Each structure stands twice: as C-alpha cells, then as structure tokens.
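Architecture and fold: a report
Take a look at the letters that make up each chain.
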Amino acid sequence: MALSASTRAPQGGGSSDSARSPFVRLNELLAPHQPGKPLISLAVGEPQHPVPDFVGPVLAKHIADFGRYPMNQGTEPFRNAAGAWLSSRFKLPRPLDPKSEILVLNGSREGLFLAAIAAARYVGPRPGKPAILMPNPFYPVYGAGALAAACEPVYLPTTVENGFLPDLDAIDEATLARTVAFYLASPANPQGSVASRDYFTRLKSLADRHGFMILSDECYSEIYTREAPGSALECAGADFTRVAAFQSLSKRSNLPGLRVGFAAGDKTFIGMFLELRNIAAPQVPVPLQHVATFAYGDEAHVEENRRLYRIKFDLADQIIGNRYGYRRPDAGFCVWLNTSEIGDDVSVTLKLFKEAGVRVVPGSFLARQQPDGFNPGAGYIRLALVQDGETTAQALHRLVETLG
C-alpha cells in the first residue's frame, strides 16, 4: 500500500510530548523512583571505551590554535584526511574533492539539523507543502531539522517486516513530488539494520527522478561485527549529485565530546551548506580538527574499538539468546528488544529501573505515532552496549532475571 495522507504522521508529529527529547522524557519518567540495584545505564549512546592515546599529545601540540577563529569550511589537512579516509574505506565512483565536496561539522548532529535548511534552498519550491522524509523510529534531530526548514516531517515506519528500513515502494508519487530531502540512517539507530547497495541505488533513482536530497547518516558505519556497511556515496554517481553523507568521530573513535564530523558529497549542495554555516553555525576549533585529522589517519584504535564491541555482542548472544526477538544487529552498538509480551515499553523500562537498576529507553519515545495510532517503537526497548564488558554482562543478566 502506498504511503499517503491517511498513513502519514500529521505535521508536527502528533502530540507535543512525542516531539520532545526522548532522554528528557526518560529522565522525567524515572525521576520519582530509585534504582533497585546499583545503577547501570544502557540508555544513552555515549561510548565509554577509552579515549585514544593520541588525543592529548595532538591537542597539546596545537594548543596555541585556540587563539584564532577557525574557518567554517575546515582546515585543509582535515578535509584532505577525511577525503583520503572515504576513498580508502568505501568503493567510491571517484575521490572526493576536499576543497569543494567535504565540509567540517561541529559534530554530525549540528550538520544533520542545518542540512534540512540547506536542502530546502538547494531543491527550491515543491508542488504543495514541502516534505522531508525520515525513518520511524529515528534520530530526533531529523524531525527538528524538517520543522526548522518549514517542511512537513513524513515518518516512514521501520518494522521487522520491512527489515527496519523505510519501504521505498510504500511512498506515493504525490509525496515524492513534494519531497525536499530524505533522511536515511544506515546503520540504523536503534535497530542496527544496514542498507544494501541495491537499496541505496533505488533511493538514488527516486532522488534523481523527483529532485530531492539524500541526507545519509552514516555515523555508526565503523561499528560492525561482520561485514563493513557501505555508503550512499558509493551509489551516487560520478558527481555525487543529490547525495550528502554525514560522518562523525563520536562512535568511530570514542570521541563524543570532541564534536567533530563532516558532510561529503554533492558539490553544489556542500557550497550552499557552507554559505548557511558561515552565518548560522559554530566553527570547529582548529586544535580539535588536528585531533580529527590524526584520527582519520589511524585505523588501529578503530579496530580495537570494534573488538570490544564484538565481545559485548558475543555476551548478548549468550545471555539474551532467543528471548525478546533478539537478533545480533548488522552494525551499531544498540540492541532492540521486543518486550511486548511482558508489558508496554514504558512499564518494562520502569520495571528494569526499579527492580534491576538498569536504565534503558522505551522504544515509543524514539518514534512518532502514526495517524492510525501505530507507534513503530512501541513494545520495544533500546539498549546501548557502551559500558565495559563486565558491566554489560551484569546488566544483561539483571535484565533477563527481571523480565524472565
């Protein structure tokens, strides 16, 4: 069935509560209660692995650069390093031009937010109300970006039936005709599903036919236990037209506080994005870009990072087993558990906190309710396996003992 007005979320995404930060809502949910055991948080996707050894020395070497304003485009060494890393990591149609096709970001969240506004300028007028499409559940900044760009957020349910990726065949032509941008997360947050080359190619064909931008959030691409995920840039054609990929060091290098990422792709879009950032976005401090330059030239710490996550997913395989619809995700560090047979996701979250001292996120907080009342995140809880192996094992044992 085509996704039409009758199956779309209303403008603004439903209730005012659903549009708020899921973590603020979680804090309010748990505030009246005390954890039943010493607290272990698996709620926030904040990597807890050690900060790489090179960070301190590189910062110290370039400390004087805090005394000048950075350029919004990014330093030449950083852009060169990001471009070289993309070429070595992915099978690109050609190397990207660091001068015109790569743009430093103050963390990918800032970039993903402002990209919606840049996309609206790039695409221009649409027939009818301009729309920005996104998976549901999704990273909340997508919806915020759509609203800031004066576009209607259109939520595309991602369920076990469609492999936890938006069903491209279920989007009607009228919606595609007014689409400004399509946010895609691959690897997906929270389910860890990965778009295939065929999926990226089909999405690119839709973007070319209807003239919208693909905003590909690939921030989890380096956390995987089997096959390395691909990139939308691999299927973007020789000029990367209508495709921008977003990367970050938060997950790849355990540097969520560094706030350095980048966007890469369509030269015209990147140019318009830079014009917007020149007046509306914080610059990225030069010493931090030096750290990022070093990080993109080093794979040893990234492989060690993957090894630590593999250990934790091995633990999840052993401890959770076949309970709660568990499956080892293709990538990312989140576990998406179906606990609907035990109770609704909010009640299960409260139970785990009050009885087991384990903090998780209700799936319904990460999604938006569709007009028919269906919330694709309802009945699920999200676990972020960011703690060390011993702490993760303890949390998973408590979870199984509590939920049965």
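What you see is a predicted model, and the numbers here were worked out from it, not measured in a lab. (Residues numbered from 1 in each chain as written. Predicted model: local features only at pLDDT ≥ 70, side-chain atom pairs only at ≥ 80, totals over all residues. Heavy atoms only, no water.)

**Quick notes on the sheet that holds strand 11 (residues 361-362)**
The strand order across the open sheet built from 3 strands is 9-12-11, with neighbouring strands paired in antiparallel fashion. With one partner strand each, in any of the chains shown, strand 9 (334-338) and strand 11 form the two edges of the open sheet. Note that strand 11 and strand 12 (residues 380-384) share 2 bridges and pair antiparallel. Directly across from proline 362, in strand 12, lies its bridge partner isoleucine 381. Running at roughly 45 degrees to strand 12, helix 12 (residues 345-356) makes contact with strand 11 and strand 12 of the sheet. (Pairing = 2+ DSSP bridges. Helix = DSSP H or I, 4+ residues; strand = E, 2+ residues; numbered from the N terminus. Contact = heavy atoms within 4.5 Å. Axes fitted to C-alpha atoms, helices over the stretch in contact; angles between N-to-C directions.)

**Considerations on the packing of aromatic side chains**
The tally for this structure, following the rule as stated, stands at 19 aromatic pairs. With a centroid separation of 6.5 Å and 80 degrees between ring planes, the pair formed by tryptophan 85 and phenylalanine 262 is classed as edge-to-face. Placement of tryptophan 85 in helix 3 (residues 76-89) and of phenylalanine 262 in strand 8 (residues 261-265) is noted, with a sequence separation of 177 residues between them. No difference in accessibility class separates tryptophan 85 from phenylalanine 262, as the two residues are buried. An aromatic cluster is defined as three or more aromatic residues linked by ring pairs; in this entry it consists of Phe78, Trp85, Phe90, Phe262 and Tyr296. Directly above the aromatic system of phenylalanine 365 lies the positively charged group of arginine 25, at a separation of 4.0 Å from the ring centroid. (Phe/Tyr/Trp six-rings, centres within 6.5 Å; stacked < 30°, edge-to-face > 60°. Buried < 20%, exposed > 50% of the residue type's maximum accessible area, 1.4 Å probe, protein only. Lys NZ or Arg CZ within 6 Å of the ring centre and 35° of its normal.)

**Details of helix 5 (residues 140-148)**
All buried positions along helix 5 are accounted for by Val141, Tyr142, Gly143, Gly145 and Ala146. Those residues of helix 5 that are buried are in contact with helix 4 (108-123), strand 3 (131-136), strand 4 (152-157), strand 5 (179-185) and strand 6 (213-217).

**Thoughts on the sheet that holds strand 6**
In spatial order, the strands read 2-8-7-6-5-3-4; together these 7 strands make up an open sheet with mixed pairing. Every other strand in the sheet has two partners, leaving strand 2 (102-105) and strand 4 as the edge strands with one partner each. Taking the axes of each pair of neighbouring strands and ignoring which way they run, one obtains an average angle of 20 degrees across the sheet. As paired strands, strand 3 and strand 4 are joined by 6 bridges and run parallel to one another. By the bridge assignment for strand 4, leucine 133 is matched with valine 154. Against the sheet, helix 4 contacts strand 2, strand 3, strand 5, strand 6 and strand 7 (243-248), and its axis sits at roughly 155 degrees relative to strand 5.

**A few points about the state of the cysteines**
Per the counting criterion, the structure on display carries 0 disulfides. No disulfide involves cysteine 235; its sulfur sits 18 Å from that of cysteine 219, the nearest cysteine. Residue classification places cysteine 235 among the buried positions, given a relative accessible area of 12%. Here cysteine 334 stays unpaired: no disulfide links it, and the sulfur of cysteine 219, its closest cysteine neighbor, is 13 Å away. (Disulfide = S-S within 2.5 Å.)

**A look at the UniProt feature "domain: Aminotransferase class I/classII large" (unreviewed entry) in the protein**
Residues given the UniProt feature "domain: Aminotransferase class I/classII large" (unreviewed entry) here are residues 38-378. The span residues 38-378 is 37% helical and 15% strand by assignment, and the distance between its end C-alpha atoms comes to 27 Å. (UniProt positions renumbered as here; feature names shortened; annotations may be inferred.)

**What about the domain arrangement of the protein?**
We note that the domain assignment places domain 1 (22-45 + 301-403) and domain 2 (54-297) within the protein. Placing a centre on the C-alpha atoms of domain 1 and another on those of domain 2 gives a separation of 26 Å. Contacts between the two partners involve 27 residues from domain 1, matched on the other side by 29 residues from domain 2. For domain 1, the biggest contributors to the area lost against domain 2 are His301, Arg306 and Arg368; these three give 21% of the whole. Among the ionic pairs, glutamate 222 bridges to arginine 306, the shortest N-O distance being 3.9 Å. At the boundary of domain 1 with domain 2, the tally comes to 13 residue pairs in polar contact (both at pLDDT 80 or more). Elements that contribute at least two residues to the side of domain 1 that touches domain 2 include exactly helix 11 (300-320), strand 9 and strand 12. The residue makeup of the side of domain 1 that touches domain 2, split by class, is 14 nonpolar, 6 polar and 7 charged. (Domains from an automatic or database assignment. Buried area = accessible area lost by both parts, 1.4 Å probe. Salt bridge = Lys/Arg side-chain N within 4 Å of Asp/Glu carboxyl O. Polar contact = N/O pair within 3.5 Å; in protein donor to acceptor, adjacent residues only side chain to side chain. Nonpolar A, V, L, I, M, F, W, Y, C, P; charged D, E, K, R; others polar.)

**What about the packing of helix 12 against helix 13 (residues 389-403)?**
Orientation of helix 12 relative to helix 13, taken along the N-to-C sense of each, is 110 degrees, at an axis distance of 10 Å. Considering their axes alone, helix 12 and helix 13 lie roughly perpendicular with respect to each other. Here the hand of the crossing between helix 12 and helix 13 comes out right-handed. Packed against helix 12, whose contacting residues are Val348, Lys351, Leu352, Glu355 and Ala356, the element helix 13 presents Arg398, Leu399, Thr402 and Leu403 at the interface. Broken down by class, the residue content of the contact of helix 12 with helix 13 amounts to 5 nonpolar, 1 polar and 3 charged. (Parallel < 35°, antiparallel > 145°, perpendicular 65-115°, else oblique. Left-handed = near helix turned anticlockwise from the far one by under 90°.)

**Overview of the environment of glycine 124**
Relative to the helices and strands, glycine 124 is located in the loop between helix 4 and strand 3. Glycine 124 sits 203 residues away from arginine 327 along the chain, and the two C-alpha atoms are 42 Å apart.

**Observations regarding unusual backbone geometry**
Going from asparagine 136 to proline 137, the amide bond is cis rather than trans, its omega being 10 degrees. Cis geometry marks the peptide bond from serine 186 to proline 187; its omega dihedral reads 0 degrees. Relative to the helices and strands, proline 187 is located in the loop between strand 5 and helix 7 (197-210). The phi angle at phenylalanine 240 is positive, at roughly 55 degrees, despite the residue not being glycine. If you trace the backbone, phenylalanine 240 turns up in the loop between strand 6 and strand 7. Backbone geometry places asparagine 254, a non-glycine residue, at a positive phi of 55 degrees. Note on placement: asparagine 254 falls in the loop between helix 8 (249-252) and strand 8. Its relative accessible area of 6% is what places asparagine 254 among the buried residues.

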